Structures are given as C-alpha cells and as structure tokens.
Amino acid sequence: MRYADGGGLTAAGRTKREAVRFEASEMFEQGVGPPKVARRLRVSRKSAYAWHAAWRDGGSSAPGFEGAWWLSLSAQR
C-alpha cells in the first residue's frame, strides 16, 4: 500500500531517510556493494539493492533518489 503522506513518516523521518539514501549513493560511487551498504547503514538488503539499481540506472533522475538532497550532491561535483 502506498501512503500519500510519504510512507507514514514525519518530515523529520523523511529527511533522515533521504540522508541515508544520500550516504548510500556516496558508498555506491566508492564501489561498495549493496550487502555492505545494508550492513553499514542498518537497512534491509532489499532497500540497498533497490537504491543501487536506481542509482546505477538513472542517478539523480531515478525513482527513489528524488529530493532536495540530490541538488546538494550535484553542486558538489
């Protein structure tokens, strides 16, 4: 089931989730695989693999990697 309010998270929860995805994207750029990302960030392997696929296939335009934090990532490059 999809939730219209961002998965049932508060604004602070969504911000934290985006920060974790940002950290995952940095790890993927360094060549760290999804299983290690999942362990280090304490997320499910399923999430790590989904984030990796989105990152690999589309980068900042990929579903699951939307959000304002991508603007800061783009600015760093």
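Residues numbered from 1 in each chain as written. Predicted model: local features only at pLDDT ≥ 70, side-chain atom pairs only at ≥ 80, totals over all residues. Heavy atoms only, no water.

J.: Honestly, the overall build of the chain in this entry has me stumped. Any pointers?
T.: Scanning the chain from N- to C-terminus turns up four helices and zero strands. Written out in order from the N terminus, the α and β elements of the chain read α-α-α-α. Split into buried and exposed, the 77 residues of the chain put 27% on the buried side. Of the contacts formed within the chain by residues at least 6 apart in sequence, a portion of 41% connects residues at least 24 apart. Accessible area of the chain: about 5300 Å², with a carbon and sulfur share of 53%. (Helix = DSSP H or I, 4+ residues; strand = E, 2+ residues; numbered from the N terminus. Buried < 20%, exposed > 50% of the residue type's maximum accessible area, 1.4 Å probe, protein only. Contact = heavy atoms within 4.5 Å. Areas by Shrake-Rupley, 256 points an atom, 1.4 Å probe, with all protein chains shown as cover.)

J.: Is there a simple way to think about the nonpolar core in this case?
T.: Nonpolar side chains tend to gather and get buried jointly when the protein is soluble and globular. With nine residues, the main nonpolar core is built from Ala24, Met27, Phe28, Val32, Val37, Ala38, Leu41, Ala48 and Trp51. Elements represented by at least two residues in this core include exactly α1 (11–29), α2 (34–41) and α3 (45–58). Among all residues touching Val37, those that are not within four sequence positions of it are Ala24, Met27, Phe28, Val32, Arg42 and Ala48. (Core = buried A, V, L, I, M, F, W, Y, C linked by side-chain atoms within 4.5 Å.)

J.: Honestly, the environment of Glu23 in this entry has me stumped. Any pointers?
T.: As for its placement among the helices and strands, Glu23 is situated in helix α1. You can call Glu23 partly exposed: its relative accessible area is 39%. Placed 14 residues apart in sequence, Glu23 and Val37 show a C-alpha to C-alpha distance of 9.0 Å.

J.: I'm lost on the side chain of His52 in this one. Help?
T.: Among the structural elements, His52 can be located in helix α3. By relative accessible area, His52 is classed as buried at 18%. If we skip the residues at most four places from it in the chain, His52 touches Phe28 and Pro34.

J.: Hey, could you run me through the packing of aromatic side chains in this one?
T.: Given two aromatic rings, their pairing is described by the distance between the two centres and the angle made by the two planes. Counted according to the given criterion, the structure contains one aromatic pair. Pairing Phe28 with Trp55 gives two aromatic rings, centres 5.6 Å apart and planes at 45°, and the pair type is tilted. With Phe28 in helix α1 and Trp55 in helix α3, this residue pair connects regions lying 27 residues apart in the sequence. Overall, Phe28 belongs to the buried group, its relative accessible area being 4%. Overall, the relative accessible area of 22% leaves Trp55 in the partly exposed class. (Phe/Tyr/Trp six-rings, centres within 6.5 Å; stacked < 30°, edge-to-face > 60°.)

J.: Got a minute to help me understand a positive patch on the surface in this structure?
T.: Judged by side-chain charge, Lys36, Arg39, Arg40 and Arg45 come together as a positively charged surface patch. No other element matches the three residues that α2 contributes to the positive patch. Relative to the helices and strands, Arg40 is located in helix α2. (Patch = residues over 30% accessible without salt bridge, like charges linked within 9 Å, V, L, I, M, F, W, Y side chains within 5 Å. Salt bridge = Lys/Arg side-chain N within 4 Å of Asp/Glu carboxyl O. Lys, Arg positive; Asp, Glu negative; His and termini not counted. Charge placed at Lys NZ, Arg CZ, Asp CG, Glu CD.)

Taken by themselves, the reported measurements are silent on function.
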